[in-house]
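Survey of secondary and tertiary structure
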Amino acid sequence: MRKLIIQLLIVILVLSGSIGYVFVNRATPASSCTIASLTTQVGNGTLSYSQVGNGRSILLLHGLFADKEQWNTMMCRLSEVGYRAIAPDLPGYGNSNGFTLSDYALENQTTLLHELMEKLRIKSFDLAGSSMGGAIAHLYAQRYPNQVRTLAFIGSPLGIVDWASSFKEAIFQGINPFIPITKEQFALEISLLFFTPPTIPDSVIAEKVNDYITRNQHYQQVWDIVNLYDDILCQGVPTQLPTFTIWGEEDKIYDISGANRLQECIAGARVIQLPKAGHLVLIENADEAASKYVEFLQTARGR
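Procedures and definitions
Every chain's residues receive numbers from 1 upward, in the order its sequence appears when written. With the structure being a predicted model, the display of local features is reserved for residues of pLDDT at least 70 and the display and counting of side-chain atom pairs for 80 or more, all residues being used for whole-chain, interface and lining totals. The side-chain values count all of the structure's non-hydrogen atoms but skip hydrogen atoms and water molecules. Note on disulfides: each one is a pair of cysteine sulfur atoms within 2.5 Å. Under the DSSP-based scheme used, a helix requires at least four consecutive residues in state H or I and a strand at least two consecutive residues in state E, with every element numbered from the N terminus. To pair, rings of Phe, Tyr and Trp, with the six-membered ring standing in for Trp, must have centres within 6.5 Å; the planes then decide the type, stacked if under 30 degrees apart, edge-to-face if over 60, and tilted in the middle. Exposure classes here rest on a 1.4 Å probe applied to the protein chains alone. A residue is buried below 20% of its type maximum, exposed above 50%, and partly exposed in between. Any two residues whose heavy atoms approach within 4.5 Å at even a single point are treated as in contact. Scored between 0 and 100, pLDDT is the confidence that the predictor attaches to each residue. The rule for a salt bridge is simple: a side-chain nitrogen of Lys or Arg has to be within 4 Å of a carboxyl oxygen of Asp or Glu.

Per an unreviewed UniProt entry, the protein carries the name Alpha/beta hydrolase and comes from Brasilonema octagenarum UFV-OR1.

1. Notes on the state of the cysteines
Counting across every chain of the model gives two disulfides. Paired through a disulfide, Cys33 and Cys76 show a sulfur-sulfur distance of 2.0 Å. The disulfide joining Cys33 to Cys76 has a torsion of about -75° about its S-S bond and is therefore left-handed. On the criterion of sequence distance, the pair formed by Cys33 in the loop between α2 (18-23) and β1 (36-42) and Cys76 in helix α3 (residues 72-80) is long-range, its members being 43 residues apart. Disulfide partners in the protein, listed by the sequence order of the bonded cysteines, are 1-2, 3-4.

2. Here's the deal with the packing of aromatic side chains
Counted under the stated rule, the structure contains 15 aromatic pairs. Ring centres 4.8 Å apart and planes at 50° place the aromatic pair Tyr140 and Tyr144 in the tilted group. Both residues of the pair, Tyr140 and Tyr144, belong to the buried class. Taking 5.8 Å as the distance between ring centres and 75° as the angle between the ring planes, the aromatic pair formed by Phe178 and Trp223 counts as edge-to-face. Of this pair, Phe178 sits in the loop between α6 (165-172) and α7 (183-193) while Trp223 is found in helix α9 (residues 216-226), placing the two residues 45 residues apart along the sequence. Here Phe178 falls in the buried class, since its relative accessible area comes to 10%.

3. Some words on the environment of Thr245
Tracing the chain through its elements places Thr245 in strand β7 (residues 243-248). Remark: the alpha-carbon pair of Thr245 and Gly129, spanning 116 residues in sequence, is separated by 9.7 Å. With near-sequence residues (within four places) excluded, Thr245 lies in contact with Phe153, Leu262, Arg270, Val271 and Ile272.

4. Some details on the confidence of the model for the protein
Low-pLDDT stretches of the model should not have their predicted coordinates read in fine detail. Averaged over all residues, the pLDDT of the protein equals 90, while 89% of them reach at least 70. Counted against residues more than four places away or in other chains, residues 1-30, with its pLDDT under 50, gives 47 contacts.

5. A look at the pattern of salt bridges
When their charged atoms lie close together, side chains carrying opposite charge are able to pair. Counting across every chain of the model gives eleven salt bridges. Here Asp126 makes a salt bridge to Arg56, at a shortest N to O gap of 2.5 Å. Of this pair, Asp126 sits in strand β5 (residues 125-131) while Arg56 sits in strand β3 (residues 56-61); the two residues are 70 residues apart in sequence, bridging distant segments of the chain. Both residues of the pair, Asp126 and Arg56, belong to the buried class. A single salt-bridge network, built from bridges that share partners, covers Arg56, Asp126 and Arg149.

This is the structure in structure tokens:
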């Protein structure tokens, strides 16, 4: 029960913007984990990133309309077993600002992330992404294969299969669950993202919906850009990197059947199908996801 309460608090505070920024820099329960929040100039903008731990570096990339705080629990678990976890607000997302609309193109995201790792003087690292972050991670590994030790998708990645039927149904009704403009649409988004949807205060919902309404054109533009990459994982030179995937069996964004196609497009990819898990396994199933990811990293340690 305590674990569930903590996970729901993280979800609520991440969704609430600045409130979550205060919360996530504190230690998580039963842990001495303290996550540092840092910034650096990348391209023409300022990139915000979180960092915790020492040792082998892991770069963690969030999904569409998300932010670095979604990785907090996993970052702490990774640091506890000897890794240095780094999670940026991708250019244009979260607290990263000063970027242009063209920077949302996934190829440009990889260029800016490469600049970040150069600034941090990290020559070799493990790379993992969630949803859109998975597609960006894949593109990064294709462009800079000598820099990436392993590739992982923590939750189903963008770019391997079409939207699940539950998501399409909303689109056909004229609703984009990722850009909710009413309280009911926001509730639909949460129900699609989680296996067990959390309860979120009305004040937080109102704040988020108001943001989607106020900046609706911007969100629509970014949505249109990202949707150009719906088959990106099956294009280009197949990666030869050790590849790992955790896919929720109850994912309502990308159906679990897509795991088979992923293994067709990325030969040798290891896929774990997680029962009673939805799309955001990095939040809802953080401890189990971290444990299985560490097991994979240990088997690939020789690289």
